[in-house]
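Structure assessment
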Amino acid sequence: MINKITSDIESVLRTIPDGATIMTSGFGTTGQPEALLEALIDIAPRELTIINNNASSGPNGLTKLFTAGLVKKLVCSFPKSVSSTVFPDLYRAGKIELELVPQGNLACRIQAAGAGLGAVFTPTAYGTKIAEGKETRTINGKNYVLEYPLHADFAFIYADKADRWGNLIYRKAARNFGPIMAKAATTTIVQVNDVVELGSLDPECIITPGIFVQHVVKVGDIK
């Protein structure tokens, strides 16, 4: 019987080694799997590379990983905002690396990994510092930059509901990067609000099929 629901998330997180690359969903705090991220602090894998839309917002979730000194590098689109204070200080102090990726390119590169593509040409960032040292090409009179897929060892994502097969549905804007990250990672771990009976999810509403999910944990089961 396939059952991807776990109440022992600690054992799952202990499989994450030092130096792992982790994608984490979220647009600011919306759709950020805060409980999963904070549970990782007790496991304390070091030298992590985090792929996220922004450098966290507020004091919880990803911010706590930065504060704990677990992150070596951040790949993101928005490294600074009014509520992002820890990362800028670490970056200025030379304690964390940053790869800045325009938001459209971030999504495109994650999608490319999930689709098994070797690389993609995108017009975004052509002629800017972000494109320096990268291959460029003119196609049908328009200039493009070659960008490579973003893969991850693990994806931490947030969903509203899941069944025991790992089929997922999301709630409104909390959907954001979750679906594409689930396809681009070797192992996807999902934090959900509710676990429902198999067959109770409308197939037309399932955004992420269970084939892309390895572990599901309900928020209340994360210690």
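Structure: see above.
Attention in this report is confined to the structure presented alongside it. (Residues numbered from 1 in each chain as written. Predicted model: local features only at pLDDT ≥ 70, side-chain atom pairs only at ≥ 80, totals over all residues. Heavy atoms only, no water.)

Let us look at the side chain of Thr 122. When you line up the elements, Thr 122 lands in strand E5 (residues 120-122). Looking at Thr 122, the relative accessible area reads 7%, which means it is buried. A polar atom in the side chain of Thr 122 sits 3.0 Å from the side chain of Asn 105. Those residues in contact with Thr 122 that lie beyond four places of it in its chain are Asn 105, Tyr 144, Val 145 and Glu 147. (Helix = DSSP H or I, 4+ residues; strand = E, 2+ residues; numbered from the N terminus. Buried < 20%, exposed > 50% of the residue type's maximum accessible area, 1.4 Å probe, protein only. Polar contact = N/O pair within 3.5 Å; in protein donor to acceptor, adjacent residues only side chain to side chain. Contact = heavy atoms within 4.5 Å.)

This part is about helix H2 (residues 34-43). One turn of an α-helix holds 3.6 residues; hence residues three or four places apart share an orientation. Where H2 is concerned, the buried positions are Leu 36, Leu 37, Ala 39, Leu 40 and Ile 43. Considered in projection along H2, the buried side chains sweep an arc of 160° and stay on one side of the axis. (Arc of directions from axis to C-beta.)

Turning our eyes to something else, we now look at the packing of aromatic side chains. In this structure the tally under the stated criterion is 2 aromatic pairs. Aromatic pair Phe 66 and Phe 87: ring centres 5.6 Å apart, planes at 50°, arrangement tilted. One end of the pair, Phe 66, is in helix H3 (residues 62-67); the other, Phe 87, is in helix H4 (residues 86-92), with 21 residues separating them in the sequence. Of the two residues, Phe 66 and Phe 87, neither departs from the other in class, the shared state being buried. Note on Phe 87 and Tyr 91: the rings are 6.0 Å apart at their centroids and 20° apart in plane angle, and the pair reads as stacked. Placement of both Phe 87 and Tyr 91 in helix H4 is noted, with a separation of 4 residues, approximately one turn of the helix. (Phe/Tyr/Trp six-rings, centres within 6.5 Å; stacked < 30°, edge-to-face > 60°.)

Strands sit in the order E5-E7-E6 across an open sheet of 3 strands; the sheet is antiparallel. The open sheet is flanked by E5 and strand E6 (136-139), the only strands paired with a single partner. Neighbouring strand axes in the sheet, compared pairwise and without regard to direction, differ in orientation by 40° on average. Sheet topology note: the E6/strand E7 (residues 142-147) ladder contains 4 bridges and is antiparallel. Each bridged residue has a counterpart across the sheet, and for Thr 136 the counterpart in E7 is Val 145. (Pairing = 2+ DSSP bridges. Axes fitted to C-alpha atoms, helices over the stretch in contact; angles between N-to-C directions.)

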